[in-house]
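So you can see what is in the structure, the chains are spelled out below.
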Amino acid sequence: MGTREYVDLDLAIEQDGDGFIARVVDSPAGQASRRFELPFDSVELENFILKLGHNRGRARAVRSPRLDLARSFGADLYRTVFDDEVEIVFRGALRDALAAEKGLRIRLRLDRAPSLAEIPWEYMYSDGLGRFLVMSSDTPLVRYIDVPAPGTPLVVEPPLRVLVMVSSPADLPKIEVERELDFLRQATSDLIEAGALQLEVAPRADLHTLLRMLRTSEFHIFHFVGHGVFDEKEDDGLIMLVNEQGTSRPVSGLELGVILHDHHSLRLAVLNACEGARGSIDNPLGGVAQTLIRQGLPAAVAMQFEISEEAALVFAHEFYMAIADGYPIDAATVEARKAIFASGNDVEWGTPVLHLRSSDARVFDLQRTTQPPVSDDLRKRAMTALEERRFADAVALWEQVVESSPNDETAGRFLAQAGAGLDAERLYAQAGAAVQNGDPDSALTLLERVDELDPLLGDPGNVGDRARELKEVAADGEVDRARASMDDGELHEARRILDQVLVAVPDHAGALDAREQVERRIRARDLMDQAERAFEVGDWEQVVALVEDAEELDSQLHDDEGLKREASMRLALASTAAGTEAPEPGIPPLPPSVEPPAPAPTRGTPAVLRWAMGVAAALVVFVGVVQMLPDGEPSPGPDDTGGDPTTTVAVETTTTPGIVIPGGAVAVSRVDGVRVDGDSSDWPDLEEVVSDRPVFPRTEADPVVTASWLIGWDGDALYLLARASDASVDPGPLDDPSQMYQGDSLHFEIGPDSEGAESLRSGDKHVILAPGDRSGAVVVAINVPQGGVFVP
């Protein structure tokens, strides 16, 4: 039966508007076509799949409802496609094939109707034949992909080598890996004992392990058990392998094909999605299988639904046995389907889907050689030694096999495998010695080579962990040394040390943290250098911004030169002198004198502060202020009182606008021709008022500290002269004008309120003068009440 031949009936389906066209493009009985529409919609299809998948497994009834459902669905699907001329051509082609003692292989092509790939065509049922098409070796059905260079059968001397990978990511429903492997070994134990099949299990389900195993050994079949998902965005299926953390790592058919493509002895992939792997009609593994075929794999079997353990094991056993018996892939798939049905499972025989690119479905050409009895026994002992990982014995035994059969390529391959295992054991011992000698780098390099030679060896002595611990300890010491360099200000040296640590231990938490700190401190240092250069050219705003950025980067940074404080003071002085407009960089903030004020502004125009100062042993301040008036009449001139033309008396009423001094009425004298230049010699002799209102309360009076002031009027502006003396000048927090009262300062509250209110109101001004430093500089700040909130 294994040598049975087949002829092909190529059935291509393509989209045609809202419907489809089925064409028999090649067959022994000619060609035919018909247009059709599907007998169900997507909802009905999904319901069918859900009902079919409910309570899968062994059927106890003689005629189960699921089998009736599959027969009814399959009959509708068959009549939709195989009707009229297509039916006639199909029956004629089958008759001719059987007459020639051949089978008729139905090659279903869906390239031009990809939306139909999700339909379970394997359930097509012919009422005329009285059976499901795929349940007979006379009419196997394959999903055919027509690609160039389909390839020739691979000559293989048994056993067929199967690379098994079971994937159970920690973040997906758990798959009992060992249980799956035990079931698979039990299902194929007779094939293994007979030398027809050999299973080799991947120690880890990731692409890196797969790549290494394919590079170091020859395999014929890749058998995957795990989860499959469908990526709607990419319109492709994915299998779920694991990443370094043991959680899911989606792998597309394209990625998997890149790994499998160049392993030319690999001719078949079997993809089995376990329970819970799919939740819709999308066929994720089918998408992966199609991509593998397009990348050059001759054949792939994928489960279009999740399959029960019992059905999967029966399929694997019969499928691999039929291949070992020389069956073509499609005929082997039929045998496996019938075995599932014979086991009492009424519908799961339709779950496997065969995707094919080989022109005749013969992907293996099994060659059986006759060995002398002694050689057979020798080979058995050599294989046992290899499977039990007794590599020294295996090398000696396989050398004898090769010596007796020099042309035995399989024996040569096993000898190389045993030699690699022996080399891996030797290198592993060297890695352990390297750890003992305090050389973790050499140990880890050796372990990488061990893993390449023998991925199954692992690390039984925890040599890798001990080597990494040594590296970690050494790295800790280097991090401490780098931090010491940081403390000494040697930031670039600290960075160099940390870079070396991170090359050796890329994920060292302490080194990563220290590296970030040193980068921030280096950046902060660069910003301070930029601030110094900005200070030299008088760019005060840039100085403040750079120092603040540096302080944010490095909390331990100290502005030892006082750049920010000095720049802030100069900004305040320059802003006041220019009427709140900041000066151009480099313009001196303290002019030697200020011309007399311009004519008084009209109502609603903000008042302008003009000032000058001088310091001797004590602080003496002279200040002139433009008059601020309430809403109402213009300010009274010197003759408006009807009295002395050089004197005006402040009026404490709400009906007549005037100047009100908290603490009582004070004479406002005429002062013509005075200049705001720090020199009071051009002022007339006026009565000085001694201040009795300290801003910051003191616990006791200080007779050394005095303050007095005079007030004058020239018809356009109000002038105020203040004198303050203090033996000890104490600057306050200059960067926060609202807190300047905590140091030595003079405060004047000026406004149009004729009642002399104790609190500032909208339209008032609060003028603060404070020593900027002990060199004679003065900082002036003006707070203007806005909605009850003071804004500097």
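Use the structure listed above.
Residues numbered from 1 in each chain as written. Predicted model: local features only at pLDDT ≥ 70, side-chain atom pairs only at ≥ 80, totals over all residues. Heavy atoms only, no water.

Talk me through the nonpolar core; I want residue IDs and the actual numbers.
Grouped together as the largest cluster of nonpolar side chains are 90 residues, with contacts concentrated most on Ile13, Trp121, Leu268, Phe319 and Phe364. Sequence-distant contacts of Phe319, defined by excluding residues within four places in its chain, comprise Leu268, Val270, Val301, Ile329, Ala332, Thr333 and Ala336. Of all hydrophobic cores here, the second largest spans 30 residues; its members include Val147, Ala205, Leu207 and Val251. (Core = buried A, V, L, I, M, F, W, Y, C linked by side-chain atoms within 4.5 Å. Buried < 20%, exposed > 50% of the residue type's maximum accessible area, 1.4 Å probe, protein only. Contact = heavy atoms within 4.5 Å.)

Break down helix 17 (residues 509-536) for me, with residues and values.
For helix 17, spanning 28 residues, the distance from its first C-alpha to its last is 41 Å, which sits close to the expected 40 Å at 1.5 Å a residue. Those residues of helix 17 that fall on the buried side of the exposure criterion are Ala511, Ala514, Arg515, Val518, Arg521, Ile522, Ala524, Leu527, Met528, Ala531 and Ala534. Gly538 lies just past helix 17 and shows a positive phi near 75 degrees. (Helix = DSSP H or I, 4+ residues; strand = E, 2+ residues; numbered from the N terminus. Expected span 1.5 Å × (residues − 1).)

I'd like to hear about unusual backbone geometry, residue by residue, with values.
Along the chain, Pro158 connects to Pro159 via a cis peptide bond; the corresponding omega equals 10 degrees. Along the chain, Pro159 turns up in the loop between strand 8 (154-156) and strand 9 (160-166). In the Ramachandran plot, Asp84 falls in the positive-phi region, its phi being about 60 degrees despite a non-glycine side chain. Mapped onto the secondary structure, Asp84 falls in the loop between helix 2 (65-81) and helix 3 (85-99). Its identity is not glycine, yet Glu101 carries a phi of approximately 60 degrees, on the positive side. Along the chain, the position of Glu101 falls in the loop between helix 3 and strand 4 (103-112). Taking relative accessible area as the criterion, Glu101 reaches 71% and is therefore assigned exposed.

Could you give an account of the pairing of strand 11 (residues 221-226), naming the residues involved and the relevant values?
Most of strand 11 is tucked away, with six of its six residues classed as buried. Residues Ile221, His223 and Val225 line one face of strand 11 and the alternating positions Phe222, Phe224 and Gly226 line the opposite face, and both faces are buried. Relative to strand 11, strand 9 runs parallel, the two being bridged by five bridges. Residue pairing in the sheet places Val164 in a bridge with His223 of strand 11. (Pairing = 2+ DSSP bridges.)

Describe the side chain of Arg521, with residues and values.
One can find Arg521 in helix 17. Residues within four places of Arg521 in sequence aside, it is in contact with Met486, Leu491, Asp554 and Gln556.

Could you give an account of the sheet that holds strand 13 (residues 236-242), naming the residues involved and the relevant values?
Across the sheet, which stays open at both edges, the three strands sit in the order 12-13-14 with antiparallel pairing between neighbours. At either margin of the open sheet sits one strand with a lone partner, and together these are strand 12 (228-231) and strand 14 (248-252). Within this sheet the neighbouring strands show an average axis-to-axis angle of 40 degrees, counted without direction. The pairing of strand 13 with strand 14 spans five bridges and is classified as antiparallel. Considered in strand 14, the bridge of Ile239 is made with Val251. Taken strand by strand, helix 7 (residues 253-261) contacts strand 13 and strand 14, and its axis lies near 75 degrees from that of strand 14. (Axes fitted to C-alpha atoms, helices over the stretch in contact; angles between N-to-C directions.)

Kindly report on the packing of helix 16 (residues 491-504) against helix 17, identifying the contributing residues and their values.
Interaxial distance between helix 16 and helix 17 falls to 9 Å at its minimum, and their mutual angle equals 150 degrees. With respect to each other, helix 16 and helix 17 are oriented roughly antiparallel. Regarding helix 16 and helix 17, the two cross each other, and that crossing is left-handed. Facing helix 16, whose interface residues are Leu491, His492, Ala494, Arg495, Leu498, Asp499, Val501 and Leu502, helix 17 presents Ala511, Leu512, Ala514, Arg515, Val518, Glu519, Arg521, Ile522 and Arg525. Considering only residue class, the contact of helix 16 with helix 17 consists of ten nonpolar, one polar and six charged. (Parallel < 35°, antiparallel > 145°, perpendicular 65-115°, else oblique. Left-handed = near helix turned anticlockwise from the far one by under 90°. Nonpolar A, V, L, I, M, F, W, Y, C, P; charged D, E, K, R; others polar.)

Can you lay out the packing of aromatic side chains for me, pointing to particular residues and giving the numbers?
Inspection of every chain in the model, using the stated rule, returns 14 aromatic pairs. When the centroid spacing of 3.8 Å and the interplanar angle of 10 degrees are considered together, the rings of Phe48 and Phe73 count as stacked. Within this pair, whereas Phe48 is found in helix 1 (residues 42-53), its partner Phe73 is found in helix 2, the two being separated by 25 residues in sequence. Each member of the pair, Phe48 as well as Phe73, is classed as buried. Note on Tyr78 and Phe82: the rings are 4.9 Å apart at their centroids and 15 degrees apart in plane angle, and the pair reads as stacked. You'll find Tyr78 and Phe82 in the same group, each marked buried. Feature note: the residues Phe40, Phe48, Phe73, Tyr123, Tyr125, Phe132 and Trp349 constitute an aromatic cluster, connected by ring pairs. One residue, Arg161, lies across the ring of Phe219, its end atom 4.8 Å from the ring centre. A cation over an aromatic ring shows up here: Arg413 above the ring of Phe414, its NZ or CZ 5.2 Å from the ring centre. (Phe/Tyr/Trp six-rings, centres within 6.5 Å; stacked < 30°, edge-to-face > 60°. Lys NZ or Arg CZ within 6 Å of the ring centre and 35° of its normal.)

Describe the pattern of salt bridges, listing the residues and the values that go with them.
Going through the model one piece at a time under the given rule, you end up with 41 salt bridges. Residue Lys174 is joined to Glu176 by a salt bridge in which the shortest nitrogen-to-oxygen separation is 3.9 Å. Its relative accessible area of 67% is what places Lys174 among the exposed residues. For Glu176, a relative accessible area of 40% translates into the label partly exposed. A cluster of three or more residues bridged by salt bridges with shared partners is formed by Asp8, Asp10, Arg105, Arg107, Arg109 and Asp330. (Salt bridge = Lys/Arg side-chain N within 4 Å of Asp/Glu carboxyl O.)

Talk me through the sheet that holds strand 7 (residues 141-144); I want residue IDs and the actual numbers.
Within a beta sheet, neighbouring strands are joined by backbone hydrogen bonds and run either parallel or antiparallel to one another. Strand order in the open sheet made by the eleven strands is 3-2-1-4-7-17-16-15-11-9-10, with mixed pairing throughout. The strands lining the two open edges of the sheet, one partner per strand, are strand 3 (32-36) and strand 10 (197-201). Strand after strand, the sheet turns through a mean of 25 degrees between neighbouring axes, direction not considered. Here three bridges tie strand 4 to strand 7, and the two strands are oriented parallel to one another.

Please set out a negative patch on the surface residue by residue, giving values where relevant.
A surface patch of like charges, here negative, comprises Asp526, Asp529, Glu532, Glu536, Asp560 and Glu561. With respect to the secondary-structure elements, Glu561 resides in the loop between helix 18 (540-553) and helix 19 (563-577). With relative accessibility at 61%, the residue Glu561 sits in the exposed group. (Patch = residues over 30% accessible without salt bridge, like charges linked within 9 Å, V, L, I, M, F, W, Y side chains within 5 Å. Areas by Shrake-Rupley, 256 points an atom, 1.4 Å probe, with all protein chains shown as cover. Lys, Arg positive; Asp, Glu negative; His and termini not counted. Charge placed at Lys NZ, Arg CZ, Asp CG, Glu CD.)

Which residues make up the pairing of strand 27 (residues 765-771), and what are the values?
For strand 27, the buried fraction is high: seven of the seven residues fall into the buried class. Both faces of strand 27 are covered, namely the face carrying Lys765, Val767, Leu769 and Pro771 and the face carrying His766, Ile768 and Ala770. By the bridge criterion, five bridges tie strand 26 (residues 746-750) to strand 27 in an arrangement that is antiparallel. The partner of Ile750 across the bridge, within strand 27, is Lys765.

Distances and angles like these do not, on their own, reveal function.
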